[in-house]
Amino acid sequence: MELGKVAVVLVHPEESRNIGAVCRALANSGMTDLRIVGNRPDYDDEKVRILAIHAAPLWERARFFESLDVATADCTLAVGTTRRRGKNRKGKLLFPEECAPLVNASTAHGGTVALVFGNERTGLTDQEFNVCTLGVTIPAAEQFASLNLSHAVQIMCYTLFRETTRGYGGYTPLPLSRIDLTVSCIADNLQKIGFFSVTGRTAMERFWRSLLSRAALSDSEARYIEKIFTKIAGLASKGT
């Protein structure tokens, strides 16, 4: 696994010390890409460094973003972590060890994978979770299922660190920004043939975005899929 291609994304973390502990978790696992949705001045530099210790350079190099969409735009897979299940939680949530081979595949192809962690109190909101293309849950006792942010990051990073035996190669998977163009092409052509009566397009786009990101598509594969749906719409317009 190309651990240097794994980005840990913290969405509006509240506790500066947690950020420092997260830096250590990344360093322990050979990861270097820390991204934070929020503003650097909102955090206490000294408190971060106390917990980061020798991993403080990761804090110094951390990048800050205005939204989760922007933070993950260059990624081929966005893995959202959650302890809650429900209709807005991707339906099926993987365990960390089930997620690791998918991350391995994307990073070995040259793509960047985002591990996304929510705020300590609220976790990822439904809106934030919908930006992600894959859901992961860390099993814990029902009576106390919520993990500390840095502990959750450590478990995910360690699990990925162990996933080093699979080998992939030959092309770079598409980032989500490019996959979104394919999803739009699919939805536009389905719209042309009357597939959506009144509603349903948003859910369909979410389905295809999640599916195609996990497939680690090459650019030629994405263009071929676009050609198929464009031809279907063209044939339908001719009544054939």
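Coordinates for the structure precede this section.
Residues numbered from 1 in each chain as written. Predicted model: local features only at pLDDT ≥ 70, side-chain atom pairs only at ≥ 80, totals over all residues. Heavy atoms only, no water.

Caption draft 1: Structural view of the pairing of strand β4 (residues 77-81). Extensive coverage of β4 is indicated by the burial of five of its five residues. Residues L77, V79 and T81 point to one face of β4 and A78 and G80 to the other, with burial holding for every one of them. The pairing of β4 with strand β5 (residues 113-117) spans four bridges and is parallel. The partner of G80 across the bridge, within β5, is V116. Pairing between β4 and strand β6 (residues 134-136): three bridges, direction parallel. Bridging across to β6, T81 finds its partner in V136. (Buried < 20%, exposed > 50% of the residue type's maximum accessible area, 1.4 Å probe, protein only. Helix = DSSP H or I, 4+ residues; strand = E, 2+ residues; numbered from the N terminus. Pairing = 2+ DSSP bridges.)

Caption draft 2: Highlighting the packing of aromatic side chains. For the coordinates displayed, the defined rule picks out five aromatic pairs. Here W59 and F64 contribute two aromatic rings whose centre-to-centre distance is 6.0 Å and whose plane-to-plane angle is 80°, an arrangement assigned as edge-to-face. These aromatic residues form a ring-pair network of at least three members: Y43, W59 and F64. The ring of W59 is capped by R40, whose NZ or CZ atom sits 4.7 Å from the centre of that ring. (Phe/Tyr/Trp six-rings, centres within 6.5 Å; stacked < 30°, edge-to-face > 60°. Lys NZ or Arg CZ within 6 Å of the ring centre and 35° of its normal.)

Caption draft 3: Region of the structure containing the packing of helix α1 (residues 16-28) against helix α7 (residues 149-162). Put simply, α1 and α7 touch, their axes get as near as 8 Å, and they point 10° apart. Considered as vectors, α1 and α7 are oriented roughly parallel to each other. Note on element contacts: α7 touches α1 through L149, S150, V153, Q154 and C157, opposite N18, A21, V22, A25, L26 and N28. (Axes fitted to C-alpha atoms, helices over the stretch in contact; angles between N-to-C directions. Parallel < 35°, antiparallel > 145°, perpendicular 65-115°, else oblique. Contact = heavy atoms within 4.5 Å.)

Caption draft 4: Molecular detail of the nonpolar core. V8, L10, L34 and V153 are the most contacted members of the largest nonpolar core, which totals 39 residues. Apart from the residues within four sequence positions on either side, V153 is in contact with V8, L10, V22, A25, L26 and F117. Ranked by size, the runner-up nonpolar core spans 29 residues in total, among them V183, I186, W208 and A222. (Core = buried A, V, L, I, M, F, W, Y, C linked by side-chain atoms within 4.5 Å.)

Caption draft 5: Broad picture of helix α2 (residues 45-52). Its side-chain oxygen 3.0 Å from the backbone nitrogen of E46, D44 forms the N-cap of α2. I53, located one to two residues past α2, shows a positive phi value of around 50°. (Polar contact = N/O pair within 3.5 Å; in protein donor to acceptor, adjacent residues only side chain to side chain.)

Caption draft 6: Here's a closer look at the layout of surface pockets. Computed from the structure, the largest pocket encloses a volume of approximately 360 Å³. Along its surface, the largest pocket is lined by 22 residues, and T82, R83, G123, S146 and L147 are the ones closest to its centre. For the lining of the largest pocket, the residue count by class is eight nonpolar, nine polar and five charged. (1 Å grid on protein atoms, 1.4 Å probe; cavity = no way out; pocket = protein on both sides within 12 Å on 5 of 7 lines; lining within 4 Å. Points joined across faces, edges and corners; volume = space filled by probe spheres on them. Nonpolar A, V, L, I, M, F, W, Y, C, P; charged D, E, K, R; others polar.)

Caption draft 7: Focus on a nonpolar patch on the surface. Taken together, the side chains of I193, F195, Y224, I228 and I232 define a hydrophobic patch exposed on the protein surface, amounting to about 480 Å² of accessible area. As for its position among the elements, F195 is in the loop between α8 (176-192) and α9 (201-214). According to the relative accessible area criterion, F195 is partly exposed, its value standing at 48%. (Patch = residues over 30% accessible without salt bridge, like charges linked within 9 Å, V, L, I, M, F, W, Y side chains within 5 Å. Areas by Shrake-Rupley, 256 points an atom, 1.4 Å probe, with all protein chains shown as cover. Salt bridge = Lys/Arg side-chain N within 4 Å of Asp/Glu carboxyl O.)

Caption draft 8: Summary view of unusual backbone geometry. Even without being a glycine, I53 presents a positive backbone phi close to 50°. Locating I53 in the fold gives a position in the loop between α2 and α3 (56-61).

Caption draft 9: Broad picture of the side chain of D33. For D33, the position within the fold is in strand β2 (residues 33-37). Among the polar contacts made by the side chain of D33, one reaches the side chain of R35 at a distance of 3.0 Å. Of the polar contacts made by the side chain of D33, one reaches the side chain of R63; its length is 3.3 Å. Those residues in contact with D33 that lie beyond four places of it in its chain are V6, A7, V8, L26 and R63.

Caption draft 10: Quick peek at the pairing of strand β1 (residues 6-11). Most of β1 sits inside the fold, with six of its six residues counted as buried. In β1, alternate side chains face the same way, and those of V6, V8 and L10 on one face and A7, V9 and V11 on the other are all buried. Note: β1 against β5, five bridges, orientation parallel. By the bridge assignment for β5, V6 is matched with V113. Relative to β2, β1 runs parallel, the two being bridged by five bridges. Counterpart to V11 in the pairing with β2 is V37. Handedness of the β-α-β unit built from β1, α1 and β2 comes out right-handed. (Right-handed = clockwise from strand over helix to strand, strands pointing away.)

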